[in-house]
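Structural overview for review
Chain by chain, the residues run as shown.
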Amino acid sequence: IALLILISTSACGGRSSMPPQIPNDSVSVHDVQMAIWALPFKHKDIILAQAILETGWFKSKNFMNNNNLFGMRQPHTRMTTSDTAYDGYAHYNNWQQSVIDYYLLQSTTESVYPRNRQQYYAYLDKTYSEVGRSYSSQLKDILTRLNLDTTECTKENHTHKKMPTKKHHKKKVVTKKVPKPKNW
């Protein structure tokens, strides 16, 4: 409920109940990770890697000027937490608002977003076609560097745990011998 109140006050031009913004130069991977894990994103680790890649480890001009973690443009047809646009990109009162806005984008277009990781990587490569396949490669590299390659974060204790790997079992094929027809 608090999230909905926060979104509705920001979307309607009202004052946000968010705490004062932490200066961008003190934003850490952990800070952004906790904001992402607080929302019901799919592929949270990939979302974190996107924030890192899009901001150049939180040093980009767009992030510093607009508190914009994902290179988002100012939307015109959906609810947003963006208050205005600057240099063609959405501006947010604080970087946490950009995390919420990215979730709003994904939740309003959920049917477009693939469900499994490989499809999501392919979707991102297509969406960021100016970068091509290297976009997902860069994301995977960041995940490996952060040791988040196959991890998920639990909301309850914000700790990492290994996700179970899928084992591919071969299905046993049972064949029945069918007698040949008599006139063969």
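Shown above is the structure to which this text applies.
Here goes a summary of the coordinates provided. The structure displayed is predicted, hence computed values, not measured ones.

Conventions and cut-offs
Residues numbered from 1 in each chain as written. Predicted model: local features only at pLDDT ≥ 70, side-chain atom pairs only at ≥ 80, totals over all residues. Heavy atoms only, no water. Helix = DSSP H or I, 4+ residues; strand = E, 2+ residues; numbered from the N terminus. Buried < 20%, exposed > 50% of the residue type's maximum accessible area, 1.4 Å probe, protein only. Contact = heavy atoms within 4.5 Å. Areas by Shrake-Rupley, 256 points an atom, 1.4 Å probe, with all protein chains shown as cover. Salt bridge = Lys/Arg side-chain N within 4 Å of Asp/Glu carboxyl O. Core = buried A, V, L, I, M, F, W, Y, C linked by side-chain atoms within 4.5 Å. Phe/Tyr/Trp six-rings, centres within 6.5 Å; stacked < 30°, edge-to-face > 60°. Axes fitted to C-alpha atoms, helices over the stretch in contact; angles between N-to-C directions. Parallel < 35°, antiparallel > 145°, perpendicular 65-115°, else oblique. Left-handed = near helix turned anticlockwise from the far one by under 90°. Nonpolar A, V, L, I, M, F, W, Y, C, P; charged D, E, K, R; others polar.

1. Regarding the overall build of the protein
A count of helices and strands for the protein gives seven helices and four strands. Of the regular secondary structure in the protein, the N- to C-terminal order runs α-α-α-α-β-β-α-α-α-β-β. Split into buried and exposed, the 184 residues of the protein put 39% on the buried side. In the protein, 53% of the contacts between residues at least 6 apart in sequence involve partners at least 24 apart. Surface summary for the protein: the accessible area is close to 12,000 Å², and the carbon and sulfur share equals 56%.

2. Concerning the pattern of salt bridges
Overall, the coordinates contain four salt bridges when judged by the stated rule. The partner of Asp-45 in a salt bridge is Arg-117, with the nearest N and O atoms 2.9 Å apart. Of this pair, Asp-45 sits in helix H3 (residues 44-55) while Arg-117 sits in helix H6 (residues 117-127), and the two are 72 residues apart along the sequence. Taking the relative accessible area as the measure of exposure, Arg-117 reaches 25% and is therefore partly exposed. With a closest N to O distance of 2.8 Å, Asp-101 and Arg-78 form a salt bridge. With Asp-101 in helix H5 (residues 95-108) and Arg-78 in the loop between helix H4 (61-66) and strand E1 (84-86), this pair connects stretches of sequence that are 23 residues apart. Residue Asp-101 shares its accessibility class with Arg-78, and that shared class is buried.

3. Concerning unusual backbone geometry
In this structure, Trp-57 takes a positive phi of about 60 degrees despite not being glycine. You will see that Asn-147, though not glycine, has its phi angle at about 60 degrees, which is positive. The residue Asn-147 is located in the loop between helix H7 (134-145) and strand E3 (151-153) in this model. Residue class for Asn-147 comes out exposed when judged on its relative accessible area of 57%.

4. Overview of the nonpolar core
Membership of the largest hydrophobic core comes to 35 residues, with the highest contact counts inside it found for Val-32, Ile-36, Phe-41, Leu-69, Phe-70, Trp-95 and Val-99. Once residues within four sequence positions are removed from consideration, Leu-69 is found in contact with Val-32, Gln-50, Ala-51, Glu-54, Thr-55, Phe-58, Phe-63, Trp-95, Ser-98 and Val-99.

5. Quick word on the packing of aromatic side chains
All chains considered together, the criterion is met by five aromatic pairs. Centre to centre, the rings of Phe-58 and Phe-63 are 5.9 Å apart; their planes meet at 55 degrees, and the pair counts as tilted. Phe-63 shares its class with Phe-58; the two are buried. Measuring from centroid to centroid gives 6.4 Å for Tyr-120 and Tyr-123, while their planes differ by 20 degrees, and the two rings are stacked. Of this pair, Tyr-120 and Tyr-123 both sit in helix H6, three residues apart, roughly one helical turn. Residue Tyr-123 is classed as partly exposed on the basis of its relative accessible area of 22%. In this structure an aromatic cluster arises from ring pairing among Phe-41, Phe-70, Tyr-102 and Tyr-103.

6. Re the packing of H3 against H6
What describes two packed helices is the angle between their axes and the distance between those same axes. The geometry of H3 relative to H6 is characterised by a closest axis approach of 11 Å and an angle of 25 degrees between their N-to-C directions. With respect to their mutual orientation, H3 and H6 come out roughly parallel. As H3 packs across H6, the resulting crossing turns out to be right-handed. Where H3 abuts H6, its residues Asp-45, Ile-46, Ile-47 and Gln-50 lie against Arg-117, Tyr-120, Tyr-121 and Leu-124. For the contact of H3 with H6, the residue count by class is five nonpolar, one polar and two charged.

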